[in-house]
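One-letter residues, chain by chain:
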Amino acid sequence: MTEIGITLAKGFFFIFIFVFGTAALLTWVERKQSAVMQDRIGANRASIFGLRIFGLFHIIADSLKMFVKEDFTPAGAERVLYSIAPGITMFFALVAFAAIPFADKLIIGGHEFVMQIANLNVGILYVFAVMSMAVYGVVLGSWASNNNYSLIGGLRATAQMISYEVAIGVSIIGVLLVYQTIDLQEIVRAQGALLGGWLPQWGILYQPIGFLLFLTTGIAETKRIPFDVPEGESEIIGYHLEYSSMRFGMFFLTDLIETVLIASITVTLFLGGWQFPYLMPDGFHFPWGGTIALSNLSVTILQFLTFTIKVSVLLWFMMIIRWTLPRFRYDQVMFLGWKILLPVALANIMITAAVIAFL
Amino acid sequence: MNVHDKYKPLTFWERTYLPRIWDGLVITMRHFFRNLWHFTLARVGVDREWKGAVTFQYPEVRRPFHPRLRTLHRLTRREDGSPRCVACMMCETVCPAKCIYIVAGQRPEKEIEKYPVRFDIDLGMCIFCGYCVEACPEDAIRMDTGIIEIASYSRKDMILTKERLLSLEPRTEYYTARKDLELASKSRILMSAESETSAAAH
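What counts, and at which threshold
Residues numbered from 1 in each chain as written. Chains lettered and ligands numbered in written order. Predicted model: local features only at pLDDT ≥ 70, side-chain atom pairs only at ≥ 80, totals over all residues. Heavy atoms only, no water. Helix = DSSP H or I, 4+ residues; strand = E, 2+ residues; numbered from the N terminus. Contact = heavy atoms within 4.5 Å. Areas by Shrake-Rupley, 256 points an atom, 1.4 Å probe, with all protein chains shown as cover. Lys, Arg positive; Asp, Glu negative; His and termini not counted. Charge placed at Lys NZ, Arg CZ, Asp CG, Glu CD. Buried < 20%, exposed > 50% of the residue type's maximum accessible area, 1.4 Å probe, protein only. Pairing = 2+ DSSP bridges. Core = buried A, V, L, I, M, F, W, Y, C linked by side-chain atoms within 4.5 Å. 1 Å grid on protein atoms, 1.4 Å probe; cavity = no way out; pocket = protein on both sides within 12 Å on 5 of 7 lines; lining within 4 Å. Points joined across faces, edges and corners; volume = space filled by probe spheres on them. Nonpolar A, V, L, I, M, F, W, Y, C, P; charged D, E, K, R; others polar.

Q: Which residues make up the overall build of chain A, and what are the values?
A: Secondary structure summary: chain A contains 12 helices and 7 strands in total. Seen through its C-alpha atoms, chain A measures out along the principal axes to roughly 70 × 55 × 50 Å. Sequence separation of 24 or more characterises 77% of the internal contacts of chain A that already satisfy a separation of 6 or more. Surface summary for chain A: the accessible area is close to 16200 Å², and the carbon and sulfur share equals 72%. If you average the places of the 20 positive and of the 22 negative side-chain charges in chain A, the two averages end up 7 Å apart.

Q: Before we move on, could you go through the overall build of chain B and cite the residues and values that matter?
A: Looking only at helices and strands, chain B has 6 helices and 5 strands in total. Each helix and strand of chain B, placed in order from N terminus to C terminus, yields the pattern α-α-β-α-β-β-α-β-β-α-α. The buried share among the 202 residues of chain B stands at 30%. Counting only contacts in chain B whose residues sit at least 6 apart along the sequence, the fraction spanning at least 24 positions is 68%. Of the accessible surface of chain B, which amounts to about 14900 Å², a share of 59% is contributed by carbon and sulfur atoms.

Q: An account of the sheet that holds strand β7 (residues 291-293) of chain A is needed here, citing residue identities and associated values.
A: Residues and elements named next belong to chain A. An order of β5-β6-β7 is seen for the 3 strands of this open sheet, with the pairing classed as antiparallel. Of all the strands in the sheet, the pair left with one neighbour each is β5 (279-280) and β7. Bridge count for β5 against strand β6 (residues 283-285) is 2 bridges, and the pairing is antiparallel. Following the sheet pairing, Leu279 is matched in β6 by Phe284.

Q: Can you break down the nonpolar core residue by residue, with the values?
A: In globular proteins that are soluble, nonpolar side chains generally tend to be buried together. A:Phe97, A:Ile257, A:Ile265 and A:Leu269 are the most contacted members of the largest nonpolar core, which has 85 residues in total. No other element matches helix α10 (residues 245-270) of chain A, which puts 11 residues into this core. One finds B:Leu72, B:Cys91, B:Ala97 and B:Ile121 within the second-largest nonpolar core, a separate group that totals 25 residues.

Q: Quick one: what's the story with empty space enclosed by the protein, residue by residue and with numbers?
A: All names here are of chain B. Enumeration according to the criterion identifies 4 cavities of 30 Å³ or more in this entry. Each pocket or cavity is described by its volume, and for the largest cavity that value is around 100 Å³. Along the walls of the largest cavity sit 17 residues, with Cys95, Cys99, Cys126, Cys129 and Cys132 positioned nearest its centre. Of the residues belonging to the lining of the largest cavity, the class tally is 15 nonpolar, 2 polar and no charged. Empty space within the second largest cavity amounts to approximately 80 Å³.

This is how it looks when you write it as structure tokens:
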């Protein structure tokens, strides 16, 4: 019983505070960052008692607008599926966070709490299984809206997901070969080891091509520009064409949650997860001698902060990419997925395996 | 010559698409960090010169209009305050949108025979072509009020009456002064002449 309570508490903290908070903040970051990149100021008008704080109230204003708008259901729509489809996508996007390690063990009164909602020993498989389920919501929603353009968007989403699930699955095998485990917490722990006594053994060091492949396919998984063919603002409006009010908001938020998810997985696999350089479970151990002893609580908080900062930097980078590159055409997306990313990922596995076998 | 012959075939490194992505990212990141730096400086009050954005914060700060911009109409007055309009119907005739409605009245004086009893402009129909201003022989109608916010909640409110048109005043402060504009265009001509001479020198 207490275990369920602990899991629920962890789930509440990590999903409802960390993930939802980050995703909500991303709506603001997206507008503001694109504005700064394009020599503009960006949304700054929403205010409470004349207080504007850089337009942060636009998050509240947007969500309020979403909630009070008309919730439209088109004639001839499959009502049940149409209603639950946004929930399905969002559910699977959120559930994938269960296996993400946010920090190492926290010890309170002799009890060990792993800072991970579910400590699965097949973590990475679980994450990818759940992530590929998220496309069901998109397809069901697009089909249930009884609109041809929606359906085209849904079909494109399916095609893109299938193409890139293959490449994304293959691109991480290199990491799994290097660290010899599929437990995400173990992968992160292994990345804390120092190479030559001073260089943190992060995944990007061993798998630079894998990192590039994973980030590319990961951005494709989020269905955002430059891989936004399922949405295709400028041609078909996309799988959420008929959706309005908060149901559309859920689709919109799911995109951002998936962005956070991809950033989290990338950090976990390639950028050392919650590992801060030279931070051991009992404090800092610098390679040039000298130690700073820290309590378990402060180490855990530092690890969580490290993870958050790494994810934020990666999210910033993904936003830069989203506002820099033009979108790919549908055939270019397919070409890139099947003819470039997949062969390169396979070659990456071969080379990694050969190097590991002969060293 | 075939257009495609002008271009060299791409090398393998170029065909990976990565160097071009990197170039693009460098440009956007440069803008991002430069603007963020100037925003921060402006926020702490160090540097007010460079705003880091080209935005005009519209309701508080107005972008200066070009001197020839056509804004909301107004009717001019004589020295005694009566409307300059003589109800000659030139503007009503020339109006391509048929949005002007004039009812003429008789004046007692001999030299100016008519005056407008009604002078209505339906802004819902007006296309802001400015033909009425050009057609007017008496300089009685002008479009220099600087008012561009003409939205209203009903079609009835879009109709401007004579009294409203007479009450409007010109707002020169909303417009760029003509001499500033001439200066700007002169410098632009100078600059293009300089670039031409430098191009010729090469």
